[in-house]
Amino acid sequence: MNVLTLLKQDHNNVEELFRRFETARPDDASELGRVRDLVVEQLSKHATVEEQVFYPAIRARLGKDEEFDVLEALEEHHLVKLAMSELQKLAPTNDRFRAKMTVLIENVRHHVEEEENDLFKQVRDIFSVEELNQLGERVDQAKEAAPTRPHPFVPDTPPFNILVGVPAALFDRILTVGRQVIGRLVKARS
Ligand SMILES: [Fe+2]
Ligand SMILES: [Fe+2]
């Protein structure tokens, strides 16, 4: 599939989660927490595949003086990852939870708008349809092994993001399974 279609699909899925968050009852802590977990998982994976496959491919095609949009996108990812790593530790009942999530949503919407309106346009000019399809395949593969949690202090450019990405993804999955097991044990004992 064309990489732009694939990434746009991710953007739409996350936007759907944002709307779900915005229409949830402010006192429905379990729904707010569920949506937060899904947003963190989907955005972590999406940012990783862009950083491992999409952005490096664009930078490889552009001259040093043309890559500013990608560098800006990387900085926006970094801030979003920082916000997500804080949100992960925050209880949905915390006073700051909805405010922090709202700022995250504003940042991601701004980022997606620039990506779809400026970067995607640039990408259509510098890659053939066949190349865009090949990039789509690579993005699809990278997603399978992408971390499901934010790692704001892990390098975000190749080769180090790819080297660190695999153990980070493994660690995330172990953590998620561990939490599920603990959750089940606590439920069984109560
Ligand atoms: Fe992005
Ligand atoms: Fe994106």
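Refer to the structure presented above.
Predicted model, so just to flag it, every value in this text is computed and none were measured.

Colleague: A description of the overall build of the protein chain should follow, citing residues and the corresponding values.
Modeller: For the protein chain, the count of helices and strands is six helices and zero strands. Taken over the C-alpha trace, the protein chain has a radius of gyration of 18 Å; the compact-globule value for 190 residues is 16 Å, and the two agree within 12%. For the protein chain, the spread of C-alpha atoms along the three principal axes comes to 60 × 30 × 30 Å. The buried share of the protein chain, reckoned over its 190 residues, is 27%. Long-range contacts, defined here as pairs at least 24 residues apart, represent 73% of the contacts in the protein chain between residues at least 6 apart.

Colleague: Any details on the nonpolar core? Residues and values, ideally.
Modeller: If you look at the biggest cluster of nonpolar residues, it comprises 19 residues, and the most contacted ones within it are Val-3, Val-53, Phe-54, Ile-58, Leu-135 and Val-139. Going through the elements one at a time, helix H1 (3-23), helix H2 (29-61), helix H3 (68-89), helix H4 (97-126), helix H5 (129-144) and helix H6 (160-189) are the ones with two or more residues in this core. The element best represented in this core is H2, accounting for six residues. Phe-21, Val-39, Leu-87 and Met-101 belong to the second-largest nonpolar core, a separate cluster that totals 14 residues.

Colleague: Lay out the packing of H1 against H2 with the relevant residues and their values.
Modeller: Two numbers describe how H1 lies on H2: the axes approach to 10 Å, and their chain directions differ by 160 degrees. When the axes of H1 and H2 are compared, the pair comes out roughly antiparallel. Along this stretch, H1 crosses H2, giving a crossing that reads as left-handed. Where H1 abuts H2, its residues Val-3, Leu-7, Asp-10, Asn-13, Val-14, Leu-17, Arg-20 and Phe-21 lie against Leu-32, Val-35, Leu-38, Val-39, Gln-42, Leu-43, His-46 and Phe-54. Looking at side-chain class alone, the contact of H1 with H2 contains 11 nonpolar, three polar and two charged residues.

Colleague: I'd like a description of the environment of Leu-7, backed by residues and values.
Modeller: Here Leu-7 shows up in helix H1. Residue classification places Leu-7 among the buried residues on the basis of 23 C-beta atoms within 10 Å. A sequence separation of 48 residues divides Leu-7 from Tyr-55, and the C-alpha atoms of the two residues are 12 Å apart.

Colleague: Could you give me a rundown of H4, with the residues and numbers involved?
Modeller: With 30 residues, H4 extends 41 Å from end C-alpha to end C-alpha; this agrees with the ideal 44 Å at 1.5 Å per step. Within H4, the axis deviates most sharply at Glu-115, by approximately 35 degrees. Listed as buried for H4 are Met-101, Leu-104, Val-108, His-111, Glu-115, Leu-119 and Val-123. Buried residues along H4 sit against H1, H2 and H3.

Colleague: Which residues make up the packing of H2 against H5, and what are the values?
Modeller: What describes two packed helices is the angle between their axes and the distance between those same axes. One way to put it is that H2 packs onto H5 with a least axis distance of 9 Å and a crossing angle of 145 degrees. Here H2 and H5 pass one another in a crossing that is right-handed. Packed against H2, whose contacting residues are Lys-45, Val-49, Gln-52, Val-53, Phe-54 and Ala-57, the element H5 presents Leu-135, Arg-138, Val-139, Ala-142 and Lys-143 at the interface. In the contact of H2 with H5, the residues fall into seven nonpolar, one polar and three charged.

Colleague: Any details on the environment of His-46? Residues and values, ideally.
Modeller: By the secondary structure assignment, His-46 is in helix H2. For His-46, a count of 24 C-beta atoms within 10 Å puts it in the buried group. Here the alpha-carbon distance between His-46 and Leu-132, two residues 86 residues apart in the chain, equals 17 Å.

Each value, and the rule that gives it
- Residues numbered from 1 in each chain as written.
- Chains lettered and ligands numbered in written order.
- Predicted model: local features only at pLDDT ≥ 70, side-chain atom pairs only at ≥ 80, totals over all residues.
- Helix = DSSP H or I, 4+ residues; strand = E, 2+ residues; numbered from the N terminus.
- Rg over C-alpha atoms; globule rule 2.2 N^0.38 Å.
- Buried ≥ 20, exposed ≤ 12 C-beta atoms within 10 Å, placed from the backbone.
- Contact = placed C-beta atoms within 7 Å.
- Core = buried A, V, L, I, M, F, W, Y, C linked by C-beta atoms within 7 Å.
- Axes fitted to C-alpha atoms, helices over the stretch in contact; angles between N-to-C directions.
- Parallel < 35°, antiparallel > 145°, perpendicular 65-115°, else oblique.
- Left-handed = near helix turned anticlockwise from the far one by under 90°.
- Nonpolar A, V, L, I, M, F, W, Y, C, P; charged D, E, K, R; others polar.
- Expected span 1.5 Å × (residues − 1).
- Bend = angle between axes of the 7 residues up to and from the residue.

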